[in-house]
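Coordinate inspection notes
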Amino acid sequence: MTLSTIFRSIRRFYFNYYHIKTSSIYLHSAFTRRLQYAFRLVLTFLIGSFVAYATPLRLHLGQIYMIPNLGVLCIQETFGATLSTTLHVTSVIIPLSMFLFLIQTLGLSYQNYLVGEILLLLSSFCISYRCRTLQFRKLSLWFNAIFFVSIINEQTIRATFAFELLADFVLGMFVAVLVSLLFFPLFATLDIENRVNYCLFHLDQMQAFLIQAFLCYDSTAAKVSLARAAIVERRLRNTMNETRQRLNEVYLEPCRLLQWIFTRHRNEIFSLSIEQQVDLITSLMFHVCSLQAMIEQCTFNKYHQDLVKQLESNLLDFISNQSMVIDSLISSSLVNTDTFHNRLTNLQLAIESLNSAYKQVRLHRIEEVFLTGTKTQSDDHLSHTFFFFQLDAIARLLTQITTINRQREKTSKTTQVRTCLKDYCKFHFDWPRIISAFKSMLIIGVGSIFVMVPSLANSFANGQWILIGLCMTQGDTVGGALTTMKLRLVGTLLGSMWAYAIYAAVGEESYKIFAMLVPWLLLCGYLKLIPQWDYAATVAASTPIVVNLGRLYGDVFRQGNYVLLRIQESIIGIGVGMFLTVLIFPTFAVDLLKTNIQDTLKTCRRATESIHSVYDQFFQHQHARRYSLSMNEEEEIKFHIDLQRRHFHQLISSQRIQLNYASLEPSIWWFNYGFSPSQYDLLIKQQLDMFRMLHNMHATLMQINDCSMDDKNQIDELRLNAAGGRFLPDLHGELLDLSRQLSDCIDLWISYLTLTHTTYYR
């Protein structure tokens, strides 16, 4: 192994960029990535603690424990997510700190309960309305709550307390961004590149298993290959779901720079944006799954056996050439342009040879039927034709990979960023957000009673963790809030136990506290990347930092009762939050789930209607002077189809999240109307099947258009002579009738889902 190879391997490991065929599964496994994230979490805590306790800043800032704590709370798995969290929270708390400084200057001070309550409610409403994302809302509400708790309950507090608190937050978040950038950085851009390479490799593997199943002479032998393909499919679906979620984290990253640094060896053969790569594997997945569905329903009769005997060599040649093309796309070494184009040419020749051989087999079969008078099943011909159409569509996707237009994707990304900034910088008065903000304000108002009422404040050591707990368990839905509360309670219990162990072992010696927190944070950092432990691990990591370093409880802290008090306040806050979440303007996740399903069905309906419109654009059967589209018009149609598909998958991802939330809600027990979570899960799969079929219909029309551009005489012959000149008009009528029937069915389902909304939603 040469020195350059060692250096390249170290660089890929450090920056979390690897190649599926050349990288060790041990160096680039989920276990390793979790360890790297845990290391970043610990490093964030240590650097934040150094800034807070070992520099002169400790003499000028209050609440210095917030610096390491904010770093632990804000650091995310990817750099893009960390930067996004930091920028959004900072953009909220900077104007908020100016407002808080102003009201403190104007006279808000110790025991001004009524004025403090009114201002707390007002600021909470504005924050809740301003922040669309829960993570940003929680941290901003926490900032607001800490200020009012400190102002109302502490006699001596500096006039610049709001800006000191702002400095604590900003320093903690800055440390998180710095560590996320410099130490084992995981860029969302490179993570998507890794996942795309993984998906391409395993899609090729899955397709090879499916072709092996197709080449079998009986269903028993085919089931073995189908079972292997099903295992690969499950892995692919999990990876692709996570890949689509990562797309929301790349907008603040220098995508093109990262791609140039790490994938510039590939730019000579093709250069796709992140979204285009995700679109590519999504389309390939649609077609490969369609192959799988066809083979599962295939009848392995004599016709199939004869077909396989004559086409086996062509199929094996095709899959071999396809594997070579995909190997070029995911290879870690440089593949020159000539080699790649030769492989593409060989793939094109292989699919043409396969199609030609299949046509010859079909003709021989028709001749045999005419000569012998034997009967043949039309389903056999249709299913096999569908199979070879999918292979042709896959080949076309791969052979056209170098001709995709990037300019439209750049425009799309710029438009998305501008839209995001406009949405963030402007207030949009919509009633759902107003009601949600009002509900959040009322919940915080009830929680503030434990802070603002002197008798309750004395009973619960100022009741600050009840109020903070209500701020941090906000949810868009009842199910989402209940899930957050459950995880927060688990995290609080675990973190409090470790906090008590630290206090019993080392007392209040700060450096020994740091040493005992390190292994705990390593464990929490590892667990945080496990989806079931995400928020619980975050709370468990934060709790001992706050309890052991925060000095929040004064004399109570020194008595050693702080752990029980923290648990008691958390339980009270969660209990109050559960009651108020269900009582005040409840928005059940099952209602949002049904609304989301309605939106998904509407997307399918628009896709159904677009099939007819795309047909008209391609052929315009009523005008004989034009039968195909120009290249720009075809790209325009493909672009809108890609946008439609992305929107569909966003809705499906949201459905899966809402389904998990809805399973915890009482609404799904009281108002389920015969539906269970398993049936909703089946409905999600059926939506995917429906959209995949619509995608195949779009692909069919695109391919017919390409044929018309390649051979206009052939399409003229089809238009004039096939079925007495009625083929294209009849096809148009059938598509129109099919579109209407599908639209009517979708409208029926939408109406049913509307009627089964809960009473609260209606």
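The structure presented is a predicted model; accordingly, all values stated were derived computationally and were not measured. (Residues numbered from 1 in each chain as written. Predicted model: local features only at pLDDT ≥ 70, side-chain atom pairs only at ≥ 80, totals over all residues. Heavy atoms only, no water.)

Some remarks on the overall build of the protein
When helices and strands are counted, the protein shows 29 helices and zero strands. In the protein, buried positions account for 53% of the 762 residues. A sequence separation of at least 24 residues applies to 82% of the contacts in the protein between residues at least 6 apart. Surface summary for the protein: the accessible area is close to 34,400 Å², and the carbon and sulfur share equals 62%. (Helix = DSSP H or I, 4+ residues; strand = E, 2+ residues; numbered from the N terminus. Buried < 20%, exposed > 50% of the residue type's maximum accessible area, 1.4 Å probe, protein only. Contact = heavy atoms within 4.5 Å. Areas by Shrake-Rupley, 256 points an atom, 1.4 Å probe, with all protein chains shown as cover.)

A closer look at helix H5 (residues 113–130)
Given a rise of 1.5 Å per residue, 18 residues ought to cover 26 Å, and the 25 Å separating the end C-alpha atoms of H5 matches this to within 8%. When we look at burial in H5, the residues that qualify are Gly-116, Glu-117, Leu-119, Leu-120, Ser-123, Ser-124, Ile-127, Ser-128 and Tyr-129. Those residues of H5 that are buried are in contact with helix H4 (79–105), helix H6 (134–153), helix H16 (431–452) and helix H18 (464–472). (Expected span 1.5 Å × (residues − 1).)

Looking at the UniProt feature "transmembrane region" (unreviewed entry) in the protein
In the UniProt entry, the feature "transmembrane region" (unreviewed entry) is given for residues 37–57, 78–104, 141–163, 169–188, 442–467, 487–506, 513–530 and 571–593. What you have in residues 37–57 is 81% helix and 0% strand, and the ends, taken at the C-alpha atoms, are 28 Å apart. Structurally, residues 487–506 is divided into 100% helix and 0% strand, and its ends, taken at the C-alpha atoms, are 28 Å apart. (UniProt positions renumbered as here; feature names shortened; annotations may be inferred.)

Some remarks on the pattern of salt bridges
In this structure the tally under the stated criterion is 18 salt bridges. Among the ionic pairs, Arg-605 bridges to Asp-747, the shortest N-O distance being 2.2 Å. Of this pair, Arg-605 sits in helix H24 (residues 589–619) while Asp-747 is found in helix H29 (residues 727–755), placing the two residues 142 residues apart along the sequence. Residue classification places Arg-605 among the partly exposed residues on the basis of a relative accessible area of 23%. Asp-747 gets classed as partly exposed once you look at its relative accessible area, which sits at 29%. Through salt bridges with shared partners, one network takes in Arg-33, Glu-77, Asp-191, Arg-195, Glu-242, Arg-246 and Glu-249. (Salt bridge = Lys/Arg side-chain N within 4 Å of Asp/Glu carboxyl O.)

Here we look at the packing of helix H8 (residues 188–214) against helix H12 (residues 302–330)
The interhelical angle for the contact between H8 and H12, taken along N-to-C directions, is 170 degrees, at an axis separation of 9 Å. Judged by the inter-axis angle, H8 sits roughly antiparallel to H12. Contact residues: H8 offers Asn-197, Leu-200, Phe-201, Asp-204, Gln-207, Ala-208, Ile-211 and Phe-214, while H12 offers His-304, Leu-307, Val-308, Leu-315, Phe-318, Ile-319, Gln-322, Ser-323, Ile-326, Leu-329 and Ile-330. In the contact of H8 with H12, the residues fall into 13 nonpolar, five polar and one charged. (Axes fitted to C-alpha atoms, helices over the stretch in contact; angles between N-to-C directions. Parallel < 35°, antiparallel > 145°, perpendicular 65-115°, else oblique. Nonpolar A, V, L, I, M, F, W, Y, C, P; charged D, E, K, R; others polar.)

Some points on the nonpolar core
One finds Trp-142, Phe-147, Phe-169 and Leu-549 to be the most contacted residues of the largest nonpolar core, which totals 75 residues. In terms of residue count, H6 provides more of this core than any other element does, 12 residues in total. Two domains share this core, each providing at least three of its residues, namely domain 1 (29–185) and domain 3 (460–583). Beyond its immediate sequence surroundings of up to four residues, Phe-169 is in contact with Met-66, Leu-70, Ile-93, Leu-139, Trp-142 and Phe-143. (Core = buried A, V, L, I, M, F, W, Y, C linked by side-chain atoms within 4.5 Å. Domains from an automatic or database assignment.)

Observations regarding the packing of aromatic side chains
What the rule picks out here adds up to 26 aromatic pairs. With centroids separated by 4.0 Å and ring planes inclined at 10 degrees, the aromatic side chains of Phe-214 and Phe-387 adopt a geometry described as stacked. Remark: Phe-387 occurs in helix H14 (residues 378–399) and Phe-214 occurs in helix H8; sequence separation between them is 173 residues. Of the two residues examined, Phe-214 and Phe-387, each falls in the buried class. A network of ring pairs unites the aromatic residues Phe-13, Tyr-14, Phe-15, Tyr-17, Phe-39, Phe-184 and Phe-262 as a single cluster. Sitting over the face of the ring of Tyr-526, Arg-34 holds its NZ or CZ atom 5.6 Å from the ring centroid. (Phe/Tyr/Trp six-rings, centres within 6.5 Å; stacked < 30°, edge-to-face > 60°. Lys NZ or Arg CZ within 6 Å of the ring centre and 35° of its normal.)

Considerations on empty space enclosed by the protein
Summed over the entire model, instances satisfying the criterion amount to six cavities of 30 Å³ or more. Looking at the largest cavity, its volume works out to about 160 Å³. Those elements giving two or more residues to the lining of the largest cavity turn out to be helix H9 (219–246), helix H11 (274–296), helix H25 (631–662) and helix H27 (677–710). Inspection of the lining of the largest cavity shows a minimum of three residues originating in each of domain 2 (188–252 + 271–405) and domain 4 (589–759). Reported here for the second largest cavity is a volume of approximately 60 Å³. Lining the second largest cavity, in full, are Ala-607, Ile-641, Gln-644, Arg-645, Phe-691, Leu-694, His-695 and His-698. Elements with a minimum of two residues in the lining of the second largest cavity: H25 and H27. Among the elements that take part in the lining of the second largest cavity, H27 stands out by supplying four residues, more than any other. Each residue belonging to the lining of the second largest cavity can be placed in one class, and the counts come to four nonpolar, three polar and one charged. (1 Å grid on protein atoms, 1.4 Å probe; cavity = no way out; pocket = protein on both sides within 12 Å on 5 of 7 lines; lining within 4 Å. Points joined across faces, edges and corners; volume = space filled by probe spheres on them.)

Focus on unusual backbone geometry
Of note in this structure, Phe-184 is not a glycine but carries a positive phi near 45 degrees. Locating Phe-184 in the fold gives a position in the loop between helix H7 (161–182) and H8. Residue Phe-585 is not a glycine yet carries a positive backbone phi of 40 degrees. Relative to the helices and strands, Phe-585 is located in the loop between helix H23 (562–583) and H24. The class of Phe-585 is partly exposed, set by a relative accessible area of 43%.

Details of the environment of Leu-580
Position of Leu-580 relative to the elements: it lies in helix H23. Distance from Leu-580 to Val-478, taken between C-alpha atoms, is 9.9 Å for residues 102 residues apart in sequence.

Describing the environment of Ser-739
Tracing the chain through its elements places Ser-739 in helix H29. Measuring from C-alpha to C-alpha, the distance between Ser-739 and Arg-606 comes to 9.7 Å, with 133 residues separating the pair along the chain.

Remarks on the environment of Tyr-503
Residue position: Tyr-503 is located in helix H19 (residues 478–506). The buried category is assigned to Tyr-503, whose relative accessible area is 18%.

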